[in-house]
Amino acid sequence: MVYGGKLSKACEPCRVRRAKCDLSSPDCSQCVRARRFCHGYRDTEGLRINDMSTIVINKCKAKNLLKMTPLPRERPHKRMLSSSTVEFSSLGPQNPTASIDNHAFCYFHATFVTGQSRSFKYLEMIYSSASTHLSTSILAVGFASLSRAVRSYDLEIRARKAYASALQLVNTALGTPQATDDATLSTVMLLDQFEKIIPSPNRSTSALTNHLNGASALMKMRGPGQFQTRAGLEMFIHMSSHLLVSCMQHEIPLPQDYLNLRTYATNFFDTMDISWRLSQVTVEYIAFRVAIKEGRLFDPETIIRATCKMDAQMDALLKDVPPFWNCQSVPLSYPIELVYGKHYDLYVDYRIVEALNMIRAGRFPLFDLVHDQASLSLEPLSLECEMLIKQANEDQEEMVELICACVPQQAGYLPFLDNGSMMGYLPNSTFAHSPSNSSSSSTPSTSSSKKSLTQRPIRLNSSYTSSAYSLIWPLFTVANSRYTTTEARSWIIRQLRSIGTSLDLEKALEVVTLLEKEEKEDNWKVYAMLGSICYSANS
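My aim in this report is to walk through the structure given alongside it, one point at a time. (Residues numbered from 1 in each chain as written. Predicted model: local features only at pLDDT ≥ 70, side-chain atom pairs only at ≥ 80, totals over all residues. Heavy atoms only, no water.)

Observations regarding helix α5 (residues 132-150)
Here α5 is 19 residues long and its end C-alpha atoms lie 27 Å apart, about the 27 Å a rise of 1.5 Å per residue gives. Burial analysis of α5 places 15 of its 19 residues in the buried class, which makes it a mostly covered element. A positive phi of about 55 degrees marks R151, the residue just after α5. (Helix = DSSP H or I, 4+ residues; strand = E, 2+ residues; numbered from the N terminus. Expected span 1.5 Å × (residues − 1). Buried < 20%, exposed > 50% of the residue type's maximum accessible area, 1.4 Å probe, protein only.)

Now the structure itself:
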């Protein structure tokens, strides 16, 4: 614990701009003059003594990473990787193999444990007891990710060799008492992560089903003991996310062993938690999609009613959140390229936005299914179904606005949303991206908006990297829907490109490339590519 010194009571816009705040009530004079929303003043008494442990640890890790010997030269240009503090810029063939392995491990840790993805955050708890098969699988994923980041074929070869070695080691471990260890289950999930980064072109649906059944059987072997530790609980959450996403992506049923274990797991999790309730709706959705695929459900009206019933459960989740999860909307006095529509929203924490967007984005596959079934119907739909479709259209428009409205805060646009900083981003006279005004004759052309944004590229603060990364999948899901407006889709592509370029988020640029093909992509395939955890309860 350290003394933080005298803190400023100034409002957030004045602190960001380092301007003198007069603390006037209700809004400071600076914000009133700039016609900017004033966020109010903070109570500094509780902020003088701060727990700096995490910051000190991260600084120490950063210094150690910077002291490491760089990798052998693969590309002549300098490149900053992921959210890590390591810069791979100079390479020398004289470096030992151990140094390259250290780079792979550090890149893995910075990406999947403490960085943007965090899908393997629990590994910090079991590093000390890491076995050979776990450490080898970590190297495989580290090399695979690194090979994609620097586009190195040599590193991909190293990754494939480490993967083959880890596969042999874990197969041996499965025949020993080590089979139920945390390290073994972690290795299985790491090998699956490797296959998402460097996919096998010949993997059949039956092979995937066998893989999922095997993973579920391994979880069953671990028994009730896996719920006794924090690491065990987080591993169950991670494996659950992996199973749910894989089954949604390939439209295959969830393994029965997992469903039985999930029922038992309700003794250890808060089943009223929003993430657990979302995962329960997802379990129903998977069974529903499998029934459609197998031909057990085929009547469009029946499918529309069932889909809207599941969407109603998702809508109930959004309405049943704690009061402090609600946002504060900030209206605009004039339009700006960085904001979609006539306002943007502010939340107390970016993790809240991440959880809400997870549900909002999860509704888009349901919206698409409703519209697809309506178009397949050979007979006029009943009045009830027509009303359900109308409601789905209204809900979809609302979700588009809510997801887009959180972009300014999550991406770090707020410092640009004042008179002095937004010049060059203003389309001109009307709200060019407002759904209600998109056809107005006074709306400026899209080309002029793009031109002004290109003339003045955004330079975002790197502290927003994690929150911006959490926007990629929700924005992709909105733009990927065939029933999203052209205006919304174009705006989203521009924001993803801007975020990806400014914050060096390659995944955002990859998603832009997919969207620009103008072909319908699988939402869950992209979700798996991004490597986040949607269904993490109690995290």
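From this point, the narrative continues.
Some remarks on the pattern of salt bridges
If you walk through the whole model with that rule in mind, you get 18 salt bridges. A salt bridge links D182 to R222; the shortest N-O distance between them is 2.9 Å. One end of the pair, D182, is in helix α7 (residues 182-197); the other, R222, is in helix α8 (residues 205-222), with 40 residues separating them in the sequence. R222 gets classed as buried once you look at its relative accessible area, which sits at 9%. With a shortest N-O distance of 3.0 Å, D320 and R277 are connected by a salt bridge. Here the residue D320 occupies a position in the loop between α12 (300-319) and β5 (328-331), and R277 occupies one in helix α11 (residues 274-293), the gap between them amounting to 43 residues. For D320, a relative accessible area of 46% gives the class partly exposed. It is possible to trace a salt-bridge network through shared partners that takes in D311, D315, K319, R363 and D395. (Salt bridge = Lys/Arg side-chain N within 4 Å of Asp/Glu carboxyl O.)

Structural notes on the nonpolar core
In terms of nonpolar packing, the biggest core is built from 140 residues, with F108, F120 and F236 touching the most fellow members. Among the elements that take part in this core, helix α9 (residues 230-250) stands out by supplying eleven residues, more than any other. Sequence-distant contacts of F108, defined by excluding residues within four places in its chain, comprise V113, F120, L123, Y127, I138, V141, G142 and L190. (Core = buried A, V, L, I, M, F, W, Y, C linked by side-chain atoms within 4.5 Å. Contact = heavy atoms within 4.5 Å.)

Brief notes about the packing of helix α19 (residues 472-480) against helix α22 (residues 523-530)
Packed helices, taken two at a time, are described by the angle their axes make and the gap between the axes. Interhelical geometry of α19 versus α22 gives an angle of 160 degrees and a closest axis separation of 10 Å. One way to sum up the angle between α19 and α22 is to call them roughly antiparallel. At the point where α19 passes α22, the crossing takes the right-handed sense. Contact with α19, carried on its side by I472, W473, F476, T477 and N480, involves N523, W524, V526, Y527 and L530 of α22 and no other residues of that element. Taken together, the residues of the contact of α19 with α22 break down into seven nonpolar, three polar and no charged. (Axes fitted to C-alpha atoms, helices over the stretch in contact; angles between N-to-C directions. Parallel < 35°, antiparallel > 145°, perpendicular 65-115°, else oblique. Left-handed = near helix turned anticlockwise from the far one by under 90°. Nonpolar A, V, L, I, M, F, W, Y, C, P; charged D, E, K, R; others polar.)

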